[in-house]
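Per-entry structural report
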Amino acid sequence: MKKLLLLSMLFFGMTNSFAQDNFDISTLRIGPFTIFMKDKAAEQFTKSKLVSYNGPNEYNKGNKVNYNGEIIEITIMEIWDDEGKKENGYQIYSLSTKSQKFRTKSGMGVGSTKDQLIDAYRNYPNFSVNQMWDEKIEKLSPSMSNFILSDNDAGTNLSFTLINNVVTEVSVYMNEGC
């Protein structure tokens, strides 16, 4: 009886720990991190402070965090109210990962092909595929492109960066219009 109890507790503990992992991608999230999430809420998952200066814009803060052994890049920005005044704290502005573990509900992520993306999202109401600019050759790249799903209701984009028609990075970010 003791062995059965011990085995059942071990099984329950293992399944419970696996259930906490979140490797989902959507137009609002990568893993447990969501666009517009406040820095204090995100820090519960990172177990470290998120603010660190990175880049020419003082309002954007970049961070690389380890989530269950996988790297997620998080950009946070200061929170502004509707009147243009700074509030205390930061919120997530963008997320990106090069990890193959994170996947959309359709199974798309790093390693997926352009054809798989088109098959999975051909009925999505708002997607685009665009060539990327290559700084090295100073013109549009023949091998780099972005496959972008726009979520107009949420005000976000889900972008798949492709090199030679294979996804190498997935990003979620606020849509600033245009």
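Here, the structure is the one placed above.
Structure report, in brief. Here the structure is a predicted model, which is why all the values come from computation and not from measurement.

1. Looking at the overall build of the chain
- Within the chain one finds three helices and nine strands.
- In the chain, the order of α-helices and β-strands from amino to carboxyl end is α-β-β-α-β-β-β-α-β-β-β-β.
- Sequence-distant contacts, at least 24 apart, represent 44% of the contacts inside the chain between residues at least 6 apart.
- Of the roughly 11,400 Å² of accessible surface on the chain, a fraction of 53% belongs to carbon and sulfur atoms.

2. Describing the side chain of T104
- The topology assignment puts T104 in the loop between strand 5 (86-97) and helix 3 (114-121).
- Here T104 falls in the buried class, since its relative accessible area comes to 10%.
- There is a polar contact of 2.9 Å between the side chain of T104 and the side chain of Y121.
- Contacts of T104, omitting those with residues within four sequence positions, involve I25, Y121, L158 and F160.

3. As for helix 2 (residues 39-46)
- Looking only at helix 2, the buried set comprises D39, A42, E43 and T46. End-on view of helix 2: buried residues confined to an arc of 105°, all on one side of the axis. Exposed side of helix 2, more than 90 degrees from the buried face: K40 and Q44 are the residues found there.

4. Thoughts on the packing of aromatic side chains
- For the structure on display, the rule yields 10 aromatic pairs.
- For the pair Y121 and Y124, a centre-to-centre distance of 6.4 Å together with 85° between the ring planes defines the contact as edge-to-face.
- Looking at Y121, the relative accessible area reads 8%, which means it is buried.
- Between F127 and F147 the ring centres are 5.2 Å apart and the planes differ by 15°, which places this aromatic pair in the stacked class.

Basis of the calculations
- Residues numbered from 1 in each chain as written.
- Predicted model: local features only at pLDDT ≥ 70, side-chain atom pairs only at ≥ 80, totals over all residues.
- Heavy atoms only, no water.
- Helix = DSSP H or I, 4+ residues; strand = E, 2+ residues; numbered from the N terminus.
- Contact = heavy atoms within 4.5 Å.
- Areas by Shrake-Rupley, 256 points an atom, 1.4 Å probe, with all protein chains shown as cover.
- Buried < 20%, exposed > 50% of the residue type's maximum accessible area, 1.4 Å probe, protein only.
- Polar contact = N/O pair within 3.5 Å; in protein donor to acceptor, adjacent residues only side chain to side chain.
- Arc of directions from axis to C-beta.
- Phe/Tyr/Trp six-rings, centres within 6.5 Å; stacked < 30°, edge-to-face > 60°.

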